[in-house]
Amino acid sequence: MKIFKMLKYRLRNPLRPLMRLFKFYFYDTSYIVGDREKLHLGNRVAVANTIFNLSSGSIYVGDYTIFSYNVMVLTGRHNFYNGMRASLVTGVNSQSWGGGEEEVPPSGFDIHIGSSVWIAAGVIITGGVKIGNGVIVAANAVVTKDIPDYSIAAGVPAKIVGDTRTLCRPPSSVNV
Ligand SMILES: CC(C)(COP(=O)(O)OP(=O)(O)OC[C@H]1O[C@@H](n2cnc3c(N)ncnc32)[C@H](O)[C@@H]1OP(=O)(O)O)[C@@H](O)C(=O)NCCC(=O)NCCS
């Protein structure tokens, strides 16, 4: 029994990167739309069934950030001209029901999310926004503007409703 315990601890650290890779490719419950290379996740980022849409920009996420259930991080957007989808006006991409470059800009709407952030269930984050470090975005919020460090943001569109620095302290035995 003791030997198993010892082996477990000895093997856990060296195997961690390998396990992370395995999880990423075989058990990943997120859904990536567009070029996976444009998704930059920091260390120890936890992702439930989140959608990352990379059509119109890159997504950068810091360390120790959590994405809960049914979150959508959406760089993608559709340009309209004079009340019509752009690709239909120009005719350039009329064969593409999805839009093509005239309609869906390939860049310019990067999303930055800091470290130690909790994106709660059902949140939608739209293209071009920056969310700071230590932020909580409450369930079902729609983030359309930048959220500064240590904010609690909620609602549609998301507004600042609190400060994570005022939340309760860790147990006294823990040094932070
Ligand atoms: C629709 C959308 C593209 C609008 O972007 P935009 O034209 O840049 O609009 P803005 O960000 O300037 O917003 C204008 C106002 O509407 C509000 N707004 C924008 N989207 C909103 C939303 N989904 N819900 C509530 N309010 C919203 C903004 O807060 C802003 O309010 P204000 O005038 O009081 O400041 C964007 O908000 C959106 O919903 N993106 C997601 C796109 C998507 O689903 N992509 C998947 C690929 S198909």
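Structure report, in brief.

Attention now goes to the sheet that holds strand E4 (residues 51-53). The strand order E1-E4-E7-E12-E15 describes an open sheet built from 5 strands, whose pairing is parallel. In the strand order of this sheet, the two ends are held by strand E1 (31-33) and strand E15 (142-143), each with one partner. Of the strand pairs in this sheet, strand E12 (residues 124-126) and E15 are connected by 2 bridges, and their pairing is parallel. Within E15, the position partnered with Ile 124 by the bridge is Val 142.

With that settled, the discussion passes to the packing of aromatic side chains. Taken as a whole, this structure holds 1 aromatic pair when the rule is applied. Aromatic pair Phe 52 and Phe 67: ring centres 5.4 Å apart, planes at 75°, arrangement edge-to-face. With Phe 52 in strand E4 and Phe 67 in strand E6 (residues 66-67), this pair connects stretches of sequence that are 15 residues apart. In this structure Phe 52 comes out as buried when scored by relative accessible area, which is 0%.

Taken together, Asn 53, Leu 74, Gly 76, Arg 77, His 78, Thr 126, Val 142, Thr 144, Lys 145, Val 156 and Pro 157 form the complete shell of residues around the ligand. Interatomic distance of 2.9 Å between a backbone N/O atom of Gly 76 and a nitrogen atom of the ligand. Residue Lys 145 places a side-chain N or O atom 2.7 Å away from an oxygen atom belonging to the ligand. Protein chains shield 42% of the accessible area of the ligand, which is 920 Å² for the free molecule. Here the shell around the ligand is composed, by residue class, of 4 nonpolar, 5 polar and 2 charged.

Procedures and definitions
- Residues numbered from 1 in each chain as written.
- Predicted model: local features only at pLDDT ≥ 70, side-chain atom pairs only at ≥ 80, totals over all residues.
- Heavy atoms only, no water.
- Pairing = 2+ DSSP bridges.
- Helix = DSSP H or I, 4+ residues; strand = E, 2+ residues; numbered from the N terminus.
- Phe/Tyr/Trp six-rings, centres within 6.5 Å; stacked < 30°, edge-to-face > 60°.
- Buried < 20%, exposed > 50% of the residue type's maximum accessible area, 1.4 Å probe, protein only.
- Near = heavy atom within 4 Å.
- Polar contact = N/O pair within 3.5 Å; in protein donor to acceptor, adjacent residues only side chain to side chain.
- Areas by Shrake-Rupley, 256 points an atom, 1.4 Å probe, with all protein chains shown as cover.
- Nonpolar A, V, L, I, M, F, W, Y, C, P; charged D, E, K, R; others polar.

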